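Residues per chain, in single letters:
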Amino acid sequence: MGWAASEPLSTAPTHQISEVIEFLRARRLVVLTGAGLSTDSGVPDYRGPSSPARTPMTFQEFLSGPVARQRYWARSHLGWSRIGVALPNAGHHALAAMEAAGRVDLLVTQNVDGLHEAAGSQALALHGRVADVICLGCRRTSARTALQVRLEALNPGYADRHVQVASRPDGDVELEETSDFVVPGCADCGGILKPDVVFFGENVPAPRVQRCYDAVDALGSQGVLLVAGSSLTVMSGFRFVRRAARAGTPVVIVNRGATRGDELATYKLDVGCSEFLTALARG
């Protein structure tokens, strides 16, 4: 393992930052991003400093009945009006520029906010995107924006009445009383609508996982797996770090705070993603 820098980028010794940038400069990259990359866009992070405890709805709970889905969609309706207007930050734009320049073999994100795509990247959204909705009956997919129009029509003034509720990182809000919220069914078959994202209790589709494995495997010892803004707490991302390390592929982690993969990292920087990625793109 290399060294670990715990200072903010603005005050960390220049040679440490420069060493990592130099290490990455001419190497092929697979990049894995997490929620810490989107905090500069105003999207909360469950695992950063002062983050709230995470209590996401599981897939099993979502399927348990209308009350659970009512609670989910009421919270999501309010959260979408906030996350839906978030804009890519400097880190997203830096990665898009590196991707366009051919420096990134594959950009994989654990985020569902769609900000990589908004910045122009061809990201593989490991957990899906909240901008898409799927019917569990007919399997038709549709745009979240279209559903938002239907939700607003069925629940006029709902957002205005709950403007003070706090946002949460999964794209929803902290809201307990949702019994008056009206949830529509699929416009085509009347089936249950679900955001096209991977809930806790669901598996990431196997073809997505295999594409990531293939990209990591192709790096060899001359490429690098770069992790930006992920604590690697969930196995869906950590497994790629373990696979790279087992194959002798260097791993570089840039994240505020400790991560599950620190002991496997060649370099670990406890610095801000936006600043570091901007410096890397310029390098």
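Located above this text is the structure these notes cover.
Residue positions are given per chain, counted from 1 along the sequence in the order it is written. In view of the model being predicted, local features appear only for residues whose pLDDT reaches at least 70, and side-chain atom pairs are presented and counted only at 80 or more, with totals across whole chains, interfaces and linings using the full set of residues. No hydrogens and no water enter the side-chain calculation; it runs on all heavy atoms of the structure.

Explain the pattern of salt bridges to me, please; I cannot follow it from the model alone.
Two side chains bearing opposite charge may form a pair once their charged atoms approach each other closely. Here, a salt bridge means any Lys or Arg side-chain nitrogen found within 4 Å of an Asp or Glu carboxyl oxygen. Enumeration over the complete set of coordinates arrives at eight salt bridges. D105 is paired through a salt bridge with R28; the nearest N and O atoms lie 2.9 Å apart. On the criterion of sequence distance, the pair formed by D105 in strand 3 (residues 104-109) and R28 in the loop between helix 1 (14-25) and strand 2 (29-33) is long-range, its members being 77 residues apart. Working definition: with a 1.4 Å probe on protein chains only, accessible area under 20% of the residue-type maximum means buried, over 50% means exposed, and in between means partly exposed. The partly exposed category is assigned to R28, whose relative accessible area is 42%. Residue R140 pairs with D188 through a salt bridge whose shortest N-O separation is 2.9 Å. Here D188 lies in the loop between helix 7 (158-161) and strand 7 (193-197) and R140 lies in the loop between strand 5 (128-135) and strand 6 (141-143), a separation of 48 residues in the sequence. On the accessibility criterion, R140 (39% relative accessible area) is partly exposed. Since its relative accessible area comes to 55%, D188 is described here as exposed. In this description a helix means any DSSP run of H or I spanning at least four residues, a strand means any run of E spanning at least two, and both kinds are numbered starting from the N terminus.

Whenever I open this one, the environment of A218 confuses me. Can you help?
Within the fold, A218 resides in helix 8 (residues 206-219). On the accessibility criterion, A218 (41% relative accessible area) is partly exposed. Expressed as a C-alpha distance, the spacing of A218 and T249, which sit 31 residues apart in the sequence, is 9.6 Å.

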